Amino acid sequence: MSNSGNYRGDISDYESSDYLKDIKEHFLNGTYPKSCYRCEWNDKNGLTSKRIKENELWLRKNSIDDYQQQKYSIIDLRLSNKCNLLCVTCSPKSSSAIFDEVKSNPIHQFHYTDIFDKISSLNLTSPYSEKDKEGLIDRISPYARVYFTGGEPSLVKPSFSILENLIEKGYNKTISLEFNSNFQSFNKKWINLLKEFKGIMMPSIDAIGLQAEYIRYGSVWNTIDKNIREFIKECKDFKIIIYPTVSILNIFYINDILEWSKTLECDVEVNLQNRLYDPSYYDIKNLPNNLKIKANQYLSEIKHKHIEEIKIHLNSPSEDNEWIKFIENINKVDKVRNTNWRITLNELIDCR
C-alpha cells in the first residue's frame, strides 16, 4: 500500500515493508510522504507541526542512537472505526455510524461518499486478527506511550483486551496511555481498566451545547459534560487535555470551550493546535474575507497561547471555490440529518 494510506500487513513484516521503506526514503531525501501533508503545511508556514512536537517528546527520553530499538516506544492504535457519532468533518473511514449513514443515503454526494467508495470493501470495524493484536502487544516497550483513538475506543472490544494484557505484563505501572474519547458513553468496564494506568485523556470537544451537538452529530451535550466530570473523579492519574478540532464550524465558539473547561474540577489544559485541513472546505483559511475579518476580531479578544497560530492559519490565502463547496456540502448534510446550520452556527452566515 502507498504511504497515503495505512499499513495493513502483518505486524512482523512492518519493519521490512515497502510501506515503511517508502516513508524512510522520503525523509532521507528531505521530502514529505503524501500522508504527512499537515506537517508539511505547518512546517512551511512556520507553525508547530506534529512532527516537531513528537521529535521533541522522543528526544526528551531517548538519544538519537536509540532509533533502531526493537521495542516500539510510541504506539498509535486505531483498532476499529466503531463509533456512536456522526461528526460533520469526519468520514466513514473513522466512524462506523457515518459508514452506515452513507450506505443508506447513496444519492447525497456529500464529502463522505468519495471516501466510502474507496473503503466500502474493507473491514474497518474489525480489521485486526488475534495474531495481529498479540504481535502488537509483544512489540510494546514497557515504557512506551500507547495512544488509542478510533472510532470511539470505549466501544472497541480489542482495546479492552490490550489493556488487560498490558496489566498482566505489569506495564500499567510504567507505560503512559493516551486516549481520545467523545464521552458520549461511559463504559464502566473501560473506566475500571483505565484506573490501573496513568496518562493523558483527550476529550474530543469541538464546541459546547447545541453547537457541540451539531458538529459532533448524535451527541448529547449534557451527557458528555456529566461523563467527563465522572471520569475526572474516577481516573485521578490521568491529565485532561481538551483537543478541539479547529475548523470553520467552530471558529466562533472556541472561547465557549475555554470558559467551560474552567468549570471542571481539575487542572485541565485546552490545546488548540489541532486544526482541520481536510476536507479543505472546512479549513478556516477558506472562510470568505468578511468572515475572516470577523473571526480575527473574535480571536483577538481571547487570551490563549495558541491563538496566534490559529490566526496565521486563518489568514493564509484561501483556495478558489472552497466556500461554495462548504455551502453545498453542509446543506447536503442538513438535508440528510434534518438539521440547520444557519440556525445552530449562525455566526457563519455570510452577510456580504
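Refer to the structure printed above.
Let me begin by describing the structure that accompanies this report. Each chain has its residues counted from 1, following the order in which its sequence is written. Given that this is a predicted model, residues contribute local features only at a pLDDT of at least 70 and side-chain atom pairs are listed and counted only at 80 or more, while totals for whole chains, interfaces and linings are drawn from all residues. Note that water and hydrogens are dropped before the side-chain values are worked out from all heavy atoms of the structure.

## A word on the overall build of the protein chain
For the protein chain, the helix and strand inventory stands at 15 helices and eight strands. Relative to the globule expectation of 20 Å for 352 residues, the C-alpha radius of gyration of the protein chain, 20 Å, shows essentially globular dimensions. With the C-alpha coordinates of the protein chain rotated into their principal frame, the extents come out at 60 × 50 × 45 Å. Per-residue accessibility, obtained with a 1.4 Å probe over protein chains only, is compared with the maximum for each type, and a residue is labelled buried under 20%, exposed over 50%, and partly exposed between these values. Within the span of the protein chain, comprising 352 residues, buried residues form 52% of the whole. A 1.4 Å probe and the Shrake-Rupley method give the accessible areas. Residues count as covered only by the protein chains that appear here. Only carbon and sulfur atoms are counted for the fraction: they give 49% of the accessible area of the protein chain, which is about 17800 Å². In the protein chain, the 48 positive side-chain charges and the 49 negative ones have mean positions that sit 1 Å from each other. Per the convention used, a helix needs a DSSP run of H or I reaching at least four residues, while a strand needs a run of E reaching at least two, with both numbered from the N terminus. We compute the radius of gyration over the C-alpha atoms and compare it with the globule rule, which gives 2.2 Å times the number of residues raised to the power 0.38. Working convention for charge: Lys and Arg count positive, Asp and Glu count negative, and His plus the chain ends are omitted. Just so you know, the charge point we use is NZ for Lys, CZ for Arg, CG for Asp and CD for Glu.

## Points about the packing of aromatic side chains
Put simply, two rings from Phe, Tyr or Trp (the six-membered ring, in Trp's case) pair if the centres are within 6.5 Å, and we call them stacked under 30 degrees between planes, edge-to-face over 60, tilted for the rest. Inspection of every chain in the model, using the stated rule, returns twelve aromatic pairs. Between W221 and W260 the ring centres are 5.2 Å apart and the planes differ by 70°, which places this aromatic pair in the edge-to-face class. Separated by 39 residues along the polypeptide, W221 in helix α10 (residues 221–234) and W260 in helix α11 (residues 254–261) bring together distant segments of the chain. Here W221 and W260 have matching classes, each one buried. Summarising the aromatic geometry, the rings of Y282 and F326 are spaced 5.7 Å apart at their centres and angled 90° between planes, so their arrangement reads as edge-to-face. Residue Y282 is found in the loop between β8 (268–270) and α12 (289–300), and its partner F326 is found in helix α14 (residues 322–337); the two are separated by 44 residues along the sequence. Like F326, Y282 is buried. Any Lys NZ or Arg CZ found within 6 Å of a ring centre and within 35 degrees of that ring's normal is scored as a charge over the ring. Over the ring of F252 we find K294, and its NZ or CZ is 5.2 Å from the ring centre.

## Some points on the packing of helix α4 (residues 96–104) against helix α5 (residues 112–119)
Contact geometry of α4 with α5 gives a least axis separation of 10 Å together with a crossing angle of 100°. Considered as vectors, α4 and α5 are oriented roughly perpendicular to each other. Counted together, I98, F99, E101, V102 and K103 of α4 and Y112, T113, F116 and I119 of α5 form the full contact between these two elements. For this classification, Asp, Glu, Lys and Arg are treated as charged, while Ala, Val, Leu, Ile, Met, Phe, Trp, Tyr, Cys and Pro are nonpolar and the rest, including Gly, are polar. Counted by class, the contact of α4 with α5 contains six nonpolar, one polar and two charged residues. Angles run from 0 to 180 degrees between N-to-C directions of axes, and those axes are lines fitted to C-alpha atoms, restricted for helices to the stretch in contact. Small angles under 35 degrees read as roughly parallel and large ones over 145 as roughly antiparallel, with 65 to 115 read as roughly perpendicular and the rest as oblique. Contacts are assigned to residue pairs that have any heavy atoms within 4.5 Å of one another.

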